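Chain by chain, the residues run as shown.
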Amino acid sequence: MVSFIKQSPFFRPFVFTVAGIIVAQYIVAPFLPLLLVLALLLVALIFTIRLTRSLTLDLVWGLAFNTLCFVSGFALTQNARPLTEVPEFNSTVKFSVLIEKNEGVVNQKARYTARLFGVDSQRFENNVIKIRLIADSSLANWREGEMLYCMGTIRKIENRGNPGEFDYKTWANRKQIYYSAALTKESCSSMGYQKPFFLRVWISEIRDWLQKTFVSNGITDNQLAVLTALTTGDKATLDPELRSAFSTAGLMHVLAVSGLHIGIIYLILGWVVKPLVFFRMGKLFRVFIIIVFLWLYAFFTGMAPSVNRAVLMFSFLVVGEASGRRYASENALFASAFFLVVVDPNIIYEVGFQLSYLAVFGIFQFYKPIYNLFFFERSIPDKIWSLCALSLAAQLATTPISLFYFNQFPTYFLLSNLLIVPLVGFIMQGTVVFLAISFFEPAAKVLAWALNLMLKIMNNYTEWVAQLPASLLNGIYIDGVLLLGLYALILLIFSFLNNRSLKILQLSSLSLLLLLGYGIATRHWQWQQREIHVYRAMHNPVFIVEANQVHSLQTDTSVLVHDYISKLSSFYKANLTQASHFVVDNPVSVWDHHGEKILLTPRTRLAKTDTTLMQKVDFVVGRDGFVDNRGRWKKQW
């Protein structure tokens, strides 16, 4: 780990910038004074660099540089902070929007992201405010760049407030999306068309051409959906069961355009433009062409964090090779992360960003130690083991954070990657050749048949792996402390395997004991819990949580209690089980639980108005939470 950091001069800037971004989430400061601090730090850096080097000046320079990175991250976050207050509209209003992005169809509903320009007489000119539009896919076919004048109800994006649920409001606000509206085509009229940036038009036309070319040559159904995801990054048309199979088999990373796909594109581009090196200025043109086409492909696939990371790294690789200098992959990793964070500070909260960089970090750190565990003289077994070591290294680095977010582990990830990863390489290369010869129908048909066959093998094999016994381990919950502790333990163990240091072994053992102690203490605390949770659902399911068991009470049999218990498990970071379940006939019912009388009612804050009823029960549970028999508001979700 130490050698890794020493080889990466961008490591410190990245870490201190990220630290500033995280601190800025909790502290609000004016932007202009921060710019003044940055200017002073820059002057201090220039002053120390120009003076004669000494130990004292090196310390000053290091302190000033690290502070500059921290303040930069802090200032960038202040500037990118979502709006804290936006107006609320409670009735039907008239508003104008510009369609910016077609997000595809989900459950037969077309989704669009649009910029909101005005609501009734109110105009939004100083701030960028976006709205998510939802409409029936059979009626709405709006184009990107279309101006609409609509009438409907605009709602602020809010969380339900239930424990364990995804914080959708924060996620959307960081993308400047503050409202949502359900519309019909009849409720909107077109005011004109603002032609998007020519690259967007060009990419949209290429996407349409790709779809038509695939379909006209016999690639349809699930094969078409998977090939579309592989080439464009669009997973909207994937069948839910097939998507679940890829997730269970640990292969969702294959469908997300990332380093594997960019690497194949890079190799193909390098082969195509290789003859340029024999001409004057050919090397420079080669670098320019490769970088431009890589970034065009990144723009084509939606500029996802994994794509940006891969394209930036390969851009550094191309420049490094052209300059004739030694290429440091570790330096490129942190350099690309640093530049992405500077452009968009909120990107560090994207799960795709975290998983992508951790996977590559794991490959750089753990691949060689794992690969060196076994030696094969023959080429084929050696390549198989090399692929296994690569998958193990990436999985080891991403497992803790995957458990933190998704609470599951794909058991047969090694079996899945062993066939699918090489197969994806063949499919991607075959697709490029297919598109290049698509104008020659006989050859295109043959190649399309081969692609269709490989895609069927890929889908069938994925579904077979997903159906194996215990293919997915669910209900594995870890909190933030265990997350950091697991990463620290993994790094310490690999450091010991490299250095065989007794101190590192002792530190690893101590870390393991501390993690076990923390786990036991957390478990003991969970066994002492006895809390009531009221979920905001259609008819208020009520849960009593105690001793890792859930007693549930509901007035509507259509409510999926197990889904709510799963969310509670995520909230407590513990695998809760259902001990009892009661369905009551009357919306206003009294439940006797361990000698305590609990009144269930859909009426809001009933206990604050009916004092006589409060004297007969211990708790009153309503839509907004619950109160005890002394009228104190205990908990509200």
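Residues numbered from 1 in each chain as written. Predicted model: local features only at pLDDT ≥ 70, side-chain atom pairs only at ≥ 80, totals over all residues. Heavy atoms only, no water.

## Let's talk about the pairing of strand 7 (residues 177-183)
Judged by how many residues are buried, strand 7 sits mostly within the fold: five of seven residues are covered. Alignment of strand 4 (residues 130-136) against strand 7, held across six bridges, turns out to be parallel. Looking at the pairing, Ile134 lines up with Ala182 of strand 7. Relative to strand 7, strand 6 (residues 155-156) runs antiparallel, the two sharing two bridges. Within strand 7, the position partnered with Lys156 by the bridge is Tyr179. (Buried < 20%, exposed > 50% of the residue type's maximum accessible area, 1.4 Å probe, protein only. Helix = DSSP H or I, 4+ residues; strand = E, 2+ residues; numbered from the N terminus. Pairing = 2+ DSSP bridges.)

## What to know about the state of the cysteines
Here, disulfide denotes a covalent bond that connects the sulfur atoms of two cysteines. Under the definition given, this model contains one disulfide. Note that Cys150 is cross-linked by a disulfide to Cys188, the S-S spacing being 2.4 Å. Around the S-S axis, the bridge from Cys150 to Cys188 shows a dihedral of about 110 degrees and counts as right-handed. Of the two residues, Cys150 is situated in strand 5 (residues 146-153) and Cys188 in strand 8 (residues 188-193); the sequence distance between them amounts to 38 residues. With respect to burial, Cys150 and Cys188 carry one shared label: buried. (Disulfide = S-S within 2.5 Å.)

## Focus on the packing of helix 14 (residues 351-371) against helix 15 (residues 379-406)
At a closest axis distance of 8 Å, the pairing of helix 14 and helix 15 adopts a crossing angle of 140 degrees. As the angle between them shows, helix 14 and helix 15 are arranged oblique. The chirality of how helix 14 crosses helix 15 is right-handed. (Axes fitted to C-alpha atoms, helices over the stretch in contact; angles between N-to-C directions. Parallel < 35°, antiparallel > 145°, perpendicular 65-115°, else oblique. Left-handed = near helix turned anticlockwise from the far one by under 90°.)

## Some details on the pattern of salt bridges
Under the defined criterion, the tally for this structure stands at six salt bridges. For the salt bridge of Arg132 with Glu103, the shortest nitrogen-to-oxygen distance reads 2.8 Å. One end of the pair, Arg132, is in strand 4; the other, Glu103, is in strand 1 (residues 92-106), and 29 residues separate them in sequence. For the salt bridge of Lys156 with Glu158, the shortest nitrogen-to-oxygen distance reads 4.0 Å. Note on Lys156: relative accessible area 25%, which makes it partly exposed. The partly exposed category is assigned to Glu158, whose relative accessible area is 45%. (Salt bridge = Lys/Arg side-chain N within 4 Å of Asp/Glu carboxyl O.)

## Describing the layout of surface pockets
Quantified by volume, the second largest pocket comes out at close to 1200 Å³. If you trace the second largest pocket, you find 33 residues lining it, with Val18, Gln354, Leu358, Ile401 and Leu484 closest to the centre. Among the elements of the structure, helix 2 (11-24), helix 13 (329-343), helix 14, helix 15 and helix 18 (480-499) are those that each provide at least two residues to the lining of the second largest pocket. The element best represented in the lining of the second largest pocket is helix 18, accounting for seven residues. (1 Å grid on protein atoms, 1.4 Å probe; cavity = no way out; pocket = protein on both sides within 12 Å on 5 of 7 lines; lining within 4 Å. Points joined across faces, edges and corners; volume = space filled by probe spheres on them.)

## Some points on the nonpolar core
Counting residues in each nonpolar core, the largest one holds 51 residues, and the members touching the most others are Ile219, Val226, Leu230, Ile262, Leu294, Ile427 and Met458. Examining the composition of this core, we find that eight residues originate from one element, helix 17 (residues 441-466), more than from any other. In this structure, Phe89, Ala114, Ala140 and Cys150 belong to the second largest nonpolar core, which totals 26 residues. (Core = buried A, V, L, I, M, F, W, Y, C linked by side-chain atoms within 4.5 Å.)

## Quick word on a nonpolar patch on the surface
There is a patch of nonpolar side chains on the surface, built from Leu419, Trp449, Leu453 and Ile457 and spanning about 400 Å² of accessible area. If you tally residues by element for the nonpolar patch, the top one is helix 17, at three residues. Relative to the helices and strands, Leu453 is located in helix 17. (Patch = residues over 30% accessible without salt bridge, like charges linked within 9 Å, V, L, I, M, F, W, Y side chains within 5 Å. Areas by Shrake-Rupley, 256 points an atom, 1.4 Å probe, with all protein chains shown as cover.)

## Some details on the packing of aromatic side chains
Taken as a whole and assessed by the stated rule, the structure comprises 21 aromatic pairs. On the basis of an interplanar angle of 45 degrees and a centroid distance of 5.8 Å, the ring pair of Phe89 and Tyr179 is categorised as tilted. Separated by 90 residues along the polypeptide, Phe89 in the loop between helix 4 (55-79) and strand 1 and Tyr179 in strand 7 bring together distant segments of the chain. Note on Phe89: relative accessible area 12%, which makes it buried. Judged by centre distance (6.2 Å) and plane angle (50 degrees), the ring pair of Tyr405 and Phe406 falls under tilted. The exposure class assigned to Phe406 is partly exposed, which follows from its relative accessible area of 45%. (Phe/Tyr/Trp six-rings, centres within 6.5 Å; stacked < 30°, edge-to-face > 60°.)

## Side note on the environment of Pro541
Structurally, Pro541 can be placed in the loop between strand 11 (530-534) and strand 12 (542-546). When its relative accessible area of 1% is taken as the criterion, Pro541 is described as buried. The sequence separation of Pro541 and Thr555 amounts to 14 residues, and the corresponding C-alpha distance is 7.1 Å. Setting aside residues up to four positions removed in sequence, Pro541 forms contacts with His533, Val534, Tyr535, Leu553, Gln554, Val559 and Tyr564. (Contact = heavy atoms within 4.5 Å.)

## Quick word on the sheet that holds strand 14 (residues 577-583)
Across the sheet, four strands lie side by side as 11-12-13-14; this open sheet has mixed pairing. Only two strands of the sheet have a single neighbouring strand rather than two, namely strand 11 and strand 14. Strand-to-strand twist of the sheet, defined as the mean angle between neighbouring strand axes without regard to direction, takes the value 20 degrees. Bridge analysis of strand 11 against strand 12 gives five bridges, and the strand direction is antiparallel. In the strand pairing of strand 12, Arg530 is matched with Glu546. Contacts from helix 20 (residues 561-572) reach strand 11, strand 12, strand 13 (549-554) and strand 14 within the one sheet, and its direction differs from that of strand 12 by about 45 degrees.

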